[in-house]
Amino acid sequence: MGDGGAALLPLFAWLTPAFPVGGYAYSHGLEQAVEDGDVRDAASLEIWLGEALELGFARNDAILLITAHRAVLSDDLRTLGETNELALAFAPTRELNLETSQQGRSFLDATLAAWPNPRLALAAEALPGEVAYPIAVGVASAAHDIPAENAAAAFLLAISQALVSAGVRLAPVGQTSGAKIVARLAPLVSRLAAGAMAATIDDLASATFRLDLGSARHETQYTRLFRS
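Here's what I pulled together on the structure shown here. If you're wondering where the values come from, they're calculated on a predicted model, not measured in any experiment.

Definitions and limits used
- Residues numbered from 1 in each chain as written.
- Predicted model: local features only at pLDDT ≥ 70, side-chain atom pairs only at ≥ 80, totals over all residues.
- Heavy atoms only, no water.
- Helix = DSSP H or I, 4+ residues; strand = E, 2+ residues; numbered from the N terminus.
- Buried < 20%, exposed > 50% of the residue type's maximum accessible area, 1.4 Å probe, protein only.
- Salt bridge = Lys/Arg side-chain N within 4 Å of Asp/Glu carboxyl O.
- Axes fitted to C-alpha atoms, helices over the stretch in contact; angles between N-to-C directions.
- Left-handed = near helix turned anticlockwise from the far one by under 90°.
- Contact = heavy atoms within 4.5 Å.
- Nonpolar A, V, L, I, M, F, W, Y, C, P; charged D, E, K, R; others polar.

1. Digging into unusual backbone geometry
At D75, a position not held by glycine, the phi torsion is positive, near 55 degrees. With respect to the element layout, D75 can be found in the loop between α5 (57–73) and α6 (77–89). Phi is positive for D145, which is not a glycine, with a value near 60 degrees. For D145, a relative accessible area of 59% puts it in the exposed group.

Listed below in structure tokens is the structure:
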């Protein structure tokens, strides 16, 4: 493996289901979408995921991840802290805030324990409390010299895979159909990561109102498999 491939190995490890962030416990509102009948098969799951990625949280997460990455590389810990606060504030419901903050804190703590270095330790000192998941991934990637666009694309693809996995558990969608959905979403993920490289915090926006309202209703859903 060349040096470029070897440099990405930590990223591969961090974004597998085995990394201890508890991602299996969250569906980002998908469970409520299934309950409401918005997602009922592979086709509707793909539509729901594509819109969630392009119109909602995933595009924002890519921008936030890259902003945090740049802050670490420039040793701008003040901007890093402010970006993290903004990322947490952008979570529109209690459950979605829990989803990003629990995974972010777990990710940063696990990375510090297993893949430590001085730059990562310094950045972590600036984030002593809740940490949004994309911020944590941006911090770790910058500290380990992983390019920001690679980190953003891998992060979004990992989220897509996690949500497809949730969809397989919730709806009548087979594993092979789920794999096909991930493959078809990959070009969108690549475009979102590339677009985020040219974006700034001022470009943050979301238009997934039904998802956000569904997430709020999920807090009182009678039976649940997921925490969001």
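2. Side note on the pattern of salt bridges
Summed over all chains, the structure comprises 8 salt bridges. The residue R210 makes a salt bridge to D38 at a minimum N-O spacing of 2.6 Å. You can see R210 sitting in helix α12 (residues 209–218) and its partner D38 sitting in the loop between α3 (30–36) and α4 (42–55), a full 172 residues away along the chain. When its relative accessible area of 53% is taken as the criterion, R210 is described as exposed.

3. A short note on the packing of helix α7 (residues 94–114) against helix α8 (residues 118–125)
Running from N to C, α7 and α8 point in directions that differ by 150 degrees, and their axes come no closer than 10 Å. Handedness of the crossing formed by α7 with α8: left-handed. On α8, the residues touching L108, T111 and L112 of α7 are L120, A121 and A124. The residue inventory of the contact of α7 with α8, partitioned by class, reads 5 nonpolar, 1 polar and no charged.

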